[in-house]
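Structural overview for review
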Amino acid sequence: MCGIVGYIGMQAASEILLAGLEKLEYRGYDSAGIATVGEGEIHCVRAKGKLQNLRSKLEGIENPSQIGIGHTRWATHGKPEEYNAHPHMDVAQRVAVVQNGIVENFRELRLELQQKGHEFKSDTDTEVIPHLIAEHLAHPESAAPATLASSPFLEAVRQAVNHLEGAFAIAVINADYPDELIVARQQAPLSIGFGQGEFFCASDTPALIPHTRAVLTMENGELAKLTPLGVEIYSFAGDRIKKSPRTLTWNPIVVEKQGFKHFMLKEIYEQPGVVRGCLEAYTESTWDASHDTPPVNLGLDESFYENLDRVQILACGTSWHAGLIGKYLLEQLAGIPTMVQYASEFRYAPAPVTANTLTIGVTQSGETADTLAALAMEKERRKSLKPEYQPRLLGITNRPESSLGYLVPNIIDTHAGIEIGVAATKTFVAQVMAFYALALDVAYRRQMLTLERIQEILGGLRQLPGQIELVLESQERYIEELAHEFGDTQDFIFLGRGINFPIALEGALKLKEISYIHAEGYPAGEMKHGPIALLDAKVPVVAIAMAGSVYDKVLSNAQEAKARDARLIGVTPMDDKEAAETFDDLLPVPVVDEILSPLLSVIPLQLLAYHIAARRGLDVDQPRNLAKSVTVE
């Protein structure tokens, strides 16, 4: 949510800022703007809508300024209008700020500042920040710490951020300090890029990698001064902090479409490689039942597995669906009672504290505000309890360097590579792969499965990349044609049972996210308990009927829908005659062990959602109102 970029160096800043914002479009936004310092003034240009609108406003304007900040806004406080777009400035228009996050106490601050004569022009929480900084520049609260005495601007920002409550990341410029770019972080992501005589900041690394691979991820409670000569890091208390950047291994090519029409389609096609990468990272390729070594290596300490009685999984959105599959795997393979909670609900109605409980936070970005807050709360409420109640935390994320990586001591890196499309595809598959690895690892250590069964499951997992490729090759053209049939459809129902019920939820979520069609996922057996009232010839039903223990039950539930004239679409095993007689349209996948079927059954549903949305001419990669990284509560 929201994208921040900043630059100071020897080049003209405007184009660097715009190019950086384009790399952050996937985060979701409804307005954009940039501000630069030149000839003793701040030059600020903002526009409602897409970045092209901002580019149009900047065309023909020659701006040689070598310092600036930029922003894409996802509206939280105030409508998506130009007057609410960032950057925001103080009354004298000497200070400009961009922010990601929410200032929770902005109303109190705004009232205090208004009483001191400050006038506000927007409805946003962010606008209090430049006014607050200007106030501290004019009237410092106290003498600056010795480390900051030479930089009144930095000290004013430091004093200001200590008055802010909430989660935020900011970048600030000042017309009176044209060689200083100040940034600060508190519970919202922000990184600094190191170049030769130039420095960058951004809320995510795709905006940095075209310029540098040397990146420093800021931590909570830190602020930094960027100048053409270097970077200085300080705590909010004013203490100097010594830190060094790390070197990113990403290739800039990964953030390009590489011939695909949309990033989402590219990322769907990257899923076989993601599964292969997870298998290489988590499993021993030569392991079989004759070995006396563990089949899975997640890099977790041995103490992590001791006296493990329960698991609770906290997540949001697609990650929650991955968690539901994780629950099934941990219970059915490893024999551990597991519950899955929406992180946003867990925070306000947490489960009773139980002994020897592992808490798993799942977030593709590692920055999901509700998940981080729920984990932090769980950590805090357990830390003073008896040893068996102490927090045992694990994170599953695609970004181990994220805030999640600092919050929890144990991380499973999902190795999916950067995902640009807002609707998660390959990161979902990667999270599910992480749960397979964890469940098999625990099952092995608890001796809940025979070695032969573990070998069988691993063998099936190793076949999946080729089987996913087969589905992509054989199904996409057909699904693209099938999508034409749903140009006017307003409702969809998805049905699944057992381990494929979460896939019904995920299929419905993908469709509603990018096509704006109302879609709901249900356990197939629950259809007769209410949803069946919705069915008629205008409501297609997608049923996931994979070979296994619930196959006949799902076919029976599908027949109930067929009797109500619903169009039936089946995700079924290949060459299944009974399925061919039941469904109007088939999306066949290779026959696999039921326990592995979610990794195949989700592929046609991703393609169906994609092609319906693309057929409607919608912005598949950046659907309305959504953001890739949900960094506000």
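Just above sits the structure.
Residues numbered from 1 in each chain as written. Predicted model: local features only at pLDDT ≥ 70, side-chain atom pairs only at ≥ 80, totals over all residues. Heavy atoms only, no water.

With respect to the overall build of the protein chain
Tallying secondary structure elements over the protein chain gives 17 helices and 25 strands in all. With the principal axes as the frame, the protein chain shows a C-alpha extent of 75 × 60 × 45 Å. By the burial criterion, 60% of the 633 residues in the protein chain qualify as buried. Look at the contacts in the protein chain between residues 6 or more apart in sequence, and 71% of them connect residues 24 or more apart. Carbon together with sulfur atoms contributes 48% to the accessible area of the protein chain, which is approximately 24,400 Å² in total. (Helix = DSSP H or I, 4+ residues; strand = E, 2+ residues; numbered from the N terminus. Buried < 20%, exposed > 50% of the residue type's maximum accessible area, 1.4 Å probe, protein only. Contact = heavy atoms within 4.5 Å. Areas by Shrake-Rupley, 256 points an atom, 1.4 Å probe, with all protein chains shown as cover.)

Section: the state of the cysteines
If you walk through the whole model with that rule in mind, you get 0 disulfides. The cysteine Cys2 is free of any disulfide, with Cys201 supplying the nearest cysteine sulfur at 14 Å. You can see Cys44 has no disulfide; the closest cysteine sulfur is in Cys2, sitting 15 Å from it. (Disulfide = S-S within 2.5 Å.)

Points about the pattern of salt bridges
Counted according to the given criterion, the structure contains 33 salt bridges. The salt bridge involving Arg399 is made with Glu401; its shortest N-O contact spans 2.8 Å. Three or more residues joined by partner-sharing salt bridges are found here, namely Glu15, Glu22 and Arg55. (Salt bridge = Lys/Arg side-chain N within 4 Å of Asp/Glu carboxyl O.)

Here's the deal with the sheet that holds strand β12 (residues 222-227)
An order of β5-β6-β7-β8-β12-β13-β14 is seen for the 7 strands of this open sheet, with the pairing classed as antiparallel. Whereas interior strands pair on both sides, the edge strands pair on one side only; in this sheet they are β5 (88-89) and β14 (240-241). Both strand β7 (residues 166-174) and strand β8 (residues 181-186) contribute to a ladder of 4 bridges, which runs antiparallel. Opposite Val172, over in β8, you have Ile182 as the bridge partner. Against the sheet, helix α5 (residues 152-161) contacts β7, β8, β12 and β13 (230-235), and its axis sits at roughly 160 degrees relative to β7. (Pairing = 2+ DSSP bridges. Axes fitted to C-alpha atoms, helices over the stretch in contact; angles between N-to-C directions.)

Here we look at the packing of aromatic side chains
Evaluated as defined, the whole model comprises 9 aromatic pairs. Ring geometry for Tyr7 against Phe200: centres 5.2 Å apart, planes inclined by 50 degrees, an arrangement best described as tilted. Linking Tyr7 in strand β1 (residues 3-8) with Phe200 in strand β10 (residues 199-202), this pair joins segments that are 193 residues apart in sequence. Look at Tyr7 and you get buried, because its relative accessible area is 0%. A network of ring pairs unites the aromatic residues Phe486, Phe492 and Phe494 as a single cluster. Lying across the ring of Tyr516, Arg624 places its NZ or CZ 3.9 Å from the centre. (Phe/Tyr/Trp six-rings, centres within 6.5 Å; stacked < 30°, edge-to-face > 60°. Lys NZ or Arg CZ within 6 Å of the ring centre and 35° of its normal.)

Regarding the side chain of Glu25
Residue position: Glu25 is located in the loop between α1 (13-23) and β2 (31-38). A polar atom in the side chain of Glu25 sits 2.5 Å from the side chain of Tyr29. Residues within four places of Glu25 in sequence aside, it is in contact with Leu51 and Gln622. (Polar contact = N/O pair within 3.5 Å; in protein donor to acceptor, adjacent residues only side chain to side chain.)

Some words on the nonpolar core
Counting residues in hydrophobic clusters, the biggest one holds 98 residues, and the most contacted among them are Leu298, Leu329, Ile360, Leu438, Leu461, Phe492 and Phe494. Here this core takes 15 residues from helix α12 (residues 426-446), the largest share from any one element. Phe492 has contacts with Phe486, Leu511, Ile517, His518, Ala519, Glu520, Pro540, Val542, Ile569 and Ile612, leaving out every residue within four places of it along the chain. (Core = buried A, V, L, I, M, F, W, Y, C linked by side-chain atoms within 4.5 Å.)

So, the sheet that holds strand β25 (residues 585-589)
Reading across the sheet, the 5 strands line up as β22-β21-β23-β24-β25 and stay open at both edges, with parallel pairing between neighbours. For this open sheet the edge positions go to β22 (518-523) and β25, each flanked by a neighbour on one side alone. Direction aside, the axes of adjacent strands within the sheet are offset by 20 degrees on average. Where strand β24 (residues 568-573) lies against β25, 5 bridges are found, and the strand directions are parallel.

What to know about the environment of Asp575
By the secondary structure assignment, Asp575 is in the loop between β24 and α16 (577-582). In sequence terms Asp575 and Arg185 are 390 residues apart; their C-alpha atoms lie 56 Å from each other.

Focus: helix α4 (residues 128-138)
α4 sits mainly inside the fold: 9 of its 11 residues count as buried. Taken together, the buried positions of α4 are Val128, Ile129, Pro130, His131, Leu132, Ile133, Ala134, Glu135 and His136. Along its buried surface, α4 packs onto β5, β6 (95-103), α3 (106-115), α5 and β7.

Focus: the pairing of strand β19 (residues 392-397)
Successive residues of a regular strand alternate their side chains across the two faces of the sheet. Counted residue by residue, β19 has 6 buried out of 6 residues, so it is predominantly covered. In terms of strand pairing, strand β18 (residues 357-362) meets β19 through 5 bridges, oriented parallel. Looking at β19, one finds that Thr359 is bridged to Leu393. One crossover worth recording links β18 to the parallel β19 by way of helix α10 (residues 369-382), and it is right-handed. Of the strand pairs in this sheet, β19 and strand β20 (residues 410-413) are connected by 4 bridges, and their pairing is parallel. By the bridge assignment, Ile396 is partnered in β20 with Ile412. (Right-handed = clockwise from strand over helix to strand, strands pointing away.)

As for the packing of helix α7 (residues 271-282) against α12
The interhelical angle for the contact between α7 and α12, taken along N-to-C directions, is 30 degrees, at an axis separation of 9 Å. Taken together, α7 and α12 sit at an angle that is classed as roughly parallel. Every pair of crossing elements has a handedness; the one defined by α7 and α12 is right-handed. The residues of α12 that touch α7, namely those facing Gln271, Val274, Val275, Cys278, Leu279 and Tyr282, are Lys426, Val429, Ala430, Met433, Ala434 and Ala437. In terms of residue class, the contact of α7 with α12 is built from 10 nonpolar, 1 polar and 1 charged. (Parallel < 35°, antiparallel > 145°, perpendicular 65-115°, else oblique. Left-handed = near helix turned anticlockwise from the far one by under 90°. Nonpolar A, V, L, I, M, F, W, Y, C, P; charged D, E, K, R; others polar.)

Examining the environment of Gln52
Residue placement: Gln52 occurs in helix α2 (residues 51-58). A residue is classified by how much of its surface remains accessible, and Gln52, at 46% relative accessible area, is partly exposed.

Keep in mind these numbers describe shape, not what the thing actually does.
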